[in-house]
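Inside the fold
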Amino acid sequence: MTCEHCGSNISPDGTSCPQCGFEIPKPSASKKSAKVVPFRPRKKARRPVPSKKRPPTPTFFWWFIAILAAAIVLPYIVPMHP
Ligand SMILES: [Zn+2]
């Protein structure tokens, strides 16, 4: 690595020239300053919400109805008193 100002050798870790004091721009910093667009995954287009939105059927409700109906109807169907 040579100084851009005076051309003397500088250690690669040096931040400035020991001969003239010329500040060496860090290669990593310069790279960082370069426009590095971070990869951003494109937001997936939202899936259209299915318009068929059935209200959730309460299963227990139907079970209740079925049991109630059975309780009402069964005594008539099944003869309790032989
Ligand atoms: Zn120098």
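Under an unreviewed UniProt entry, the protein has the name Zinc-ribbon domain-containing protein and belongs to Sulfobacillus thermotolerans.

With that out of the way, let us pick up the overall build of the protein. Looking only at helices and strands, the protein features two helices and zero strands. Burial statistics for the protein: of 82 residues in total, 1% are counted as buried. Taking contacts inside the protein between residues at least 6 apart in sequence as the whole, the part at least 24 apart equals 0%.

To continue, consider helix H2 (residues 59-77). For H2, built from 19 residues, the straight-helix expectation of 27 Å at 1.5 Å per residue is met to within 8% by its first-to-last C-alpha distance of 26 Å. The largest bend along H2 reaches roughly 30 degrees and is located at Ala71, with the proline Pro75 sitting one to four residues downstream. Burial analysis of H2 places just zero of its 19 residues in the buried class, a small minority of the element.

Okay, the UniProt feature "transmembrane region" (unreviewed entry) in the protein next. Feature annotation in UniProt assigns "transmembrane region" (unreviewed entry) to the following positions: residues 60-78. Counted over residues 60-78, helix gives 95% and strand 0%. Its end C-alpha atoms are 25 Å apart.

With that out of the way, let us pick up the environment of Gly14. Among the structural elements, Gly14 can be located in the segment before helix H1 (27-33). Given 13 C-beta atoms within 10 Å, Gly14 falls into the partly exposed group.

Attention shifts here to the environment of Ser11. Along the chain, Ser11 falls in the segment before H1. What makes Ser11 exposed here is the crowd of 8 C-beta atoms within 10 Å. As for Ser11 and Met1, which are separated by 10 residues in sequence, their C-alpha atoms are 6.5 Å apart.

Reading the values: the criteria
Residues numbered from 1 in each chain as written. Predicted model: local features only at pLDDT ≥ 70, side-chain atom pairs only at ≥ 80, totals over all residues. Helix = DSSP H or I, 4+ residues; strand = E, 2+ residues; numbered from the N terminus. Buried ≥ 20, exposed ≤ 12 C-beta atoms within 10 Å, placed from the backbone. Contact = placed C-beta atoms within 7 Å. Expected span 1.5 Å × (residues − 1). Bend = angle between axes of the 7 residues up to and from the residue. UniProt positions renumbered as here; feature names shortened; annotations may be inferred.

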